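Residue-level structure breakdown
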Amino acid sequence: MENIVNAEASLADPWLAYFADRGHLGVRRIGAGAEGVVYGLGEGRAAKVWSGRPPADFALTRQVYADIARHPLPFATPEILDVEDHEGVLVTYERALPGAPMRVDSAHAAYERELPTRHNGAILAVLRGLARVPGTDAMRQLTVQGDDRPLWRGHDCFRNALAALVARAARRHGAALATYVPDFDAGVERTRKALRSLPDAPVTAIHGDLVPPNIHVDASGRPVAVLDFGFYTTAGDPAFEAAVTAAIWDMYGPHAEEHAAELTGLFADELGYAPLTLTTYQAAYALTTYDLFGTDDHDGHFRWCARLLRRNPVFSP
């Protein structure tokens, strides 16, 4: 009976048979996203079958994964072990990542008012770990989502590179955002001025999208893996990572604003980042991602960015 079930599954998804024919036992489909489908292969390996063309900076992404994996961390990170082309389809073989998502995204579940202490500890462990990984040339060459050039091109420091990105992003659809955010142009200039005035900071690996599903934990709540680099991955000030994480941890729940303020204060106290630096980076993040999924208040991310800017003390003093 088991062989019949396996045969039927292989007919429905020929990739199961493809990997099994190559000697992988217990092949299973783990999940699917915009980039492709992921399969567990056993023995600590996974495979990703890419849909369409891989990103233009795929080779850079592979190098960034290797740069991060080179440093001992208390949690696993992605690592591409091999690549092949099967009849025009890109297949990457990667290190399988342990654990389970800390929790589902706040767009799909309302977070309770009290932030669990174990979650706060896990986030701090991840932030501290990534802040120990030096920024590399490959990280500096990455393009963040929505932009048309590497973030660091033409710049020798993160704060100036980010200020230039804010200007480019504001030109994309700033008129649409200005409809929902008063004094928009002046707020953009205040944010850019604040960015350029930030003190020198170390340049480390930036994940850029540390939402709960992208941190895997074990049964005790300890972080054991960080995944899904790429959305805003770059090299930069580790305070930027902390600021963005505080802001996006709970974007859509009933207590989202309170959680953002609480985490911002926690990271300032525990990691030693100036509150003004964190709020400056939060304004910059909203100004550089507001139009990635839509350009009016029908889109949840657009609404979230507009709300953040309206209450941000740097953008709207």
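Before reading on, note that the structure itself is shown above.
Residues numbered from 1 in each chain as written. Predicted model: local features only at pLDDT ≥ 70, side-chain atom pairs only at ≥ 80, totals over all residues. Heavy atoms only, no water.

Some details on the pairing of strand S9 (residues 223–226)
Both faces of the sheet carry side chains from a regular strand, because those side chains alternate between them. One ladder, built from 3 bridges, connects strand S8 (residues 215–217) with S9; its direction is antiparallel. Residue pairing in the sheet places Ile215 in a bridge with Val226 of S9. (Pairing = 2+ DSSP bridges. Helix = DSSP H or I, 4+ residues; strand = E, 2+ residues; numbered from the N terminus.)

A word on helix H8 (residues 238–248)
Of all 11 residues in H8, 11 are buried, a share of seventy percent or more. By the burial criterion, the buried members of H8 are Pro238, Ala239, Phe240, Glu241, Ala242, Ala243, Val244, Thr245, Ala246, Ala247 and Ile248. N-capping of H8 is provided by Asp237, with a side-chain oxygen placed 2.9 Å from the backbone N of Ala239. (Buried < 20%, exposed > 50% of the residue type's maximum accessible area, 1.4 Å probe, protein only. Polar contact = N/O pair within 3.5 Å; in protein donor to acceptor, adjacent residues only side chain to side chain.)

Description of the pairing of strand S5 (residues 89–95)
Counting buried positions over the 7 residues of S5 gives 5, a clear majority of the element. For strand S3 (residues 45–50) and S5, the ladder comprises 5 bridges, and the chain directions are antiparallel. Bridge pairing in S5 links Ala47 to Tyr93. Bridge count for strand S4 (residues 80–86) against S5 is 6 bridges, and the pairing is antiparallel. Residue pairing across strands places Glu84 opposite Val91, the latter belonging to S5. Between S4 and the antiparallel strand that follows it, S5, lie 2 residues; Glu87 among them carries a positive phi value of about 55 degrees.

Some remarks on the nonpolar core
Leu162, Leu177, Phe240, Phe267, Tyr281 and Leu309 are the most contacted members of the largest nonpolar core, which has 79 residues in total. If sequence neighbours within four positions are ignored, Leu309 has contacts with Leu177, Val181, Ala283, Ala286, Leu287, Phe315 and Ser316. Of all hydrophobic cores here, the second largest spans 12 residues; its members include Tyr18, Ala47, Val91 and Tyr93. (Core = buried A, V, L, I, M, F, W, Y, C linked by side-chain atoms within 4.5 Å. Contact = heavy atoms within 4.5 Å.)

A word on the packing of H8 against helix H10 (residues 275–289)
For any two helices packed against each other, the geometry is given by the interaxial angle and the distance between the axes. Where H8 contacts H10, the axes come no closer than 8 Å and their chain directions differ by 70 degrees. Considering their axes alone, H8 and H10 lie roughly perpendicular with respect to each other. Crossing hand, H8 versus H10: right-handed. Touching Ala239, Phe240, Ala242, Ala243, Val244, Ala246, Ala247 and Ile248 of H8 are Thr277, Leu278, Tyr281, Gln282 and Tyr285, all from H10. Looking at the contact of H8 with H10 residue by residue, the class counts come to 11 nonpolar, 2 polar and no charged. (Axes fitted to C-alpha atoms, helices over the stretch in contact; angles between N-to-C directions. Parallel < 35°, antiparallel > 145°, perpendicular 65-115°, else oblique. Left-handed = near helix turned anticlockwise from the far one by under 90°. Nonpolar A, V, L, I, M, F, W, Y, C, P; charged D, E, K, R; others polar.)

Focus on the packing of aromatic side chains
Aromatic rings in a pair are described by how distant their centres are and how their planes are angled relative to each other. Under the counting rule described, the total for this entry stands at 18 aromatic pairs. With 5.0 Å between their ring centres and 75 degrees between their planes, Trp15 and Tyr18 make a pair best called edge-to-face. Pair noted here: Trp15 and Tyr18 are both in helix H2 (residues 14–21), with a separation of 3 residues, about one helical turn. A relative accessible area of 10% means that Tyr18 is categorised as buried. Following the ring pairs from residue to residue traces out a cluster consisting of Trp152, Phe158, Tyr232, Phe240, Tyr281, Tyr285 and Trp304. Sitting over the ring of Tyr18, Arg22 keeps its end group 3.6 Å from the ring centre. Stacked on the ring of Trp152, the Lys or Arg Arg140 has its end atom at 4.8 Å from the ring centre. (Phe/Tyr/Trp six-rings, centres within 6.5 Å; stacked < 30°, edge-to-face > 60°. Lys NZ or Arg CZ within 6 Å of the ring centre and 35° of its normal.)

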